[in-house]
Amino acid sequence: MQKRKLGRQGLEVSALGLGCMGMSEFYGQGDEAESIATIHRAIDLGITFLDTADMYGPFVNEVLVGKAIRDHRDQVMLATKFGNERGEKGEFLGIRGDADYVRRACDASLQRLGVDHIDLYYQHRVDPKVPIEETVGAMAELVKAGKVRFLGLSEAGVETIRRAHQVHPISVLQTEYSLWSRDAEAQILPTVRELGIGYVAYSPLGRGFLTGQIKRIEDLAEGDYRRNSPRFQGENFRRNLDLVAEVERMAQEKGCAPAQLALAWVLAQGEDIVPIPGSKRRRTLEENIGAVDVRLTAEDLARIDRILPPGAAAGERYPAPQMQALNR
């Protein structure tokens with residue numbers, strides 16, 4: 001497994017990471033034993049970068065990841081997030097970025113994960129009620145205290161990124177990025193590259209759509225979050241299926257799986273980009289890892305740009321209320 005450097009502060013991770021969210025929530029029923037086996041298999045195959053958050057579950061995803069890495073702590077770069085506050089019953093309580101909350105959230109994550117430090121600590125969503133200088137100032141205190149090594153932001157806007165970076169170096173920005181979510185190319189990617197900030201792409205498989213495994217809404221379990229996603233509904237769903245058919249056709253020509261083609265495209269966008277596809281089964285993990293061996297020529301990349309230019313996907317990334325929390 002190749003390594004990639006994220007930011008200028010010394011963070012180095014595997015070229016492909018593992019998103020752990022779906023092991024606990026949002027994408028149907030989880031299986032803890034299989035999830036832990038998947039994390040162990042990822043480590044065996046050279047994946048060093050694991051992504052979780054306090055809100056996943058809520059809370060239980062950090063516990064699961066902590067259990068899985070208990071005997072492997074020195075082999076992984078562990079990333080988690082704060083900022084989307086949830087109650088014990090799973091209710092969403094809002095976005096928090098005040099300094100006291102940052103400190104309490106970090107201590108709670110350390111306890112659930114069972115570790116003495118977090119390698120990469122993100123603000124999951126920007127709190128519009130709190131100056132970013134206060135939030136990142138509190139995060140910087142965590143670095144000084146040895147509780148956190150590197151800082152990140154998720155779905156932050158350009159001006160917020162610049163202001164945050166002045167308070168303390170930001171090593172990573174994480175946003176959604178894939179063949180059907182290319183919004184970051186307009187302003188976000190140029191900004192982080194100017195500032196020397198690494199980029200982590202979440203949902204690089206379009207929440208599973210780009211794998212070609214979802215042909216009907218009924219293919220998603222009852223209660224699956226994606227049933228409420230605009231891109232998985234009505235006419236949007238049908239139009240997006242047409243795009244995936246083009247990906248499938250090209251993947252067949254290349255002799256790889258559609259998921260591998262989609263991930264190879266993200267990897268080809270720059271050495272400062274690391275995709276973190278979610279897997280909760282060893283089978284899909286192993287398929288995804290095959291993406292690092294898929295080579296896309298200049299002609300391949302040009303063809304993909306014709307098939308899936310920025311804005312090609314039908315529908316917004318999230319339902320309207322969640323869209324308001326992006327790019328702040």
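Above this note sits the structure.
We now turn to the structure provided with this report. What you are looking at is a predicted structure, and each value in this text was computed from that prediction instead of being measured.

This part is about the packing of helix H1 (residues 32–44) against helix H2 (residues 60–68). For the pair H1 and H2, the least separation of the axes is 9 Å and the interaxial angle reads 55°. Accordingly, the angle class assigned to the pair H1 and H2 is oblique. Our pair here, H1 against H2, has a crossing hand that is right-handed. In contact with Glu 32, Ser 35, Ile 36, Ile 39 and His 40 of H1, H2 contributes Leu 64, Val 65, Lys 67 and Ala 68. Residues that form the contact of H1 with H2 fall into these classes: five nonpolar, two polar and two charged.

Applying the stated criterion to the full structure yields nine aromatic pairs. Plain terms: the ring middles of Tyr 177 and Trp 265 are 5.4 Å apart, the flat faces sit at 45° to each other, and that makes the pair tilted. Placement of Tyr 177 in the loop between strand S10 (172–176) and helix H6 (188–195) and of Trp 265 in helix H8 (residues 258–267) is noted, with a sequence separation of 88 residues between them. The buried category is assigned to Tyr 177, whose relative accessible area is 1%. One aromatic cluster is present, built from ring pairs that chain together Trp 180, Phe 209, Phe 232 and Phe 237. For the cation-ring pair, Arg 86 lies above Phe 92, with the distance from its terminal atom to the ring centre recorded as 4.2 Å.

A few words now on the pattern of salt bridges. Where charged atoms of side chains with opposite charge meet at close range, the side chains can pair. Considering all chains together, one arrives at 32 salt bridges under this definition. One salt bridge in this structure joins Lys 81 and Asp 51, with 2.6 Å as the shortest N-O distance. Placement of Lys 81 in strand S5 (residues 77–82) and of Asp 51 in strand S4 (residues 49–51) is noted, with a sequence separation of 30 residues between them. For Glu 62, the salt bridge identified is with Arg 112, shortest N-O distance 2.7 Å. Separated by 50 residues along the polypeptide, Glu 62 in helix H2 and Arg 112 in helix H3 (residues 99–113) bring together distant segments of the chain. Judged by relative accessible area, which is 0%, Glu 62 ranks as buried. Owing to a relative accessible area of 22%, Arg 112 belongs among the partly exposed residues under this scheme.

How each quantity is defined
Residues numbered from 1 in each chain as written. Predicted model: local features only at pLDDT ≥ 70, side-chain atom pairs only at ≥ 80, totals over all residues. Heavy atoms only, no water. Axes fitted to C-alpha atoms, helices over the stretch in contact; angles between N-to-C directions. Helix = DSSP H or I, 4+ residues; strand = E, 2+ residues; numbered from the N terminus. Parallel < 35°, antiparallel > 145°, perpendicular 65-115°, else oblique. Left-handed = near helix turned anticlockwise from the far one by under 90°. Contact = heavy atoms within 4.5 Å. Nonpolar A, V, L, I, M, F, W, Y, C, P; charged D, E, K, R; others polar. Phe/Tyr/Trp six-rings, centres within 6.5 Å; stacked < 30°, edge-to-face > 60°. Buried < 20%, exposed > 50% of the residue type's maximum accessible area, 1.4 Å probe, protein only. Lys NZ or Arg CZ within 6 Å of the ring centre and 35° of its normal. Salt bridge = Lys/Arg side-chain N within 4 Å of Asp/Glu carboxyl O.

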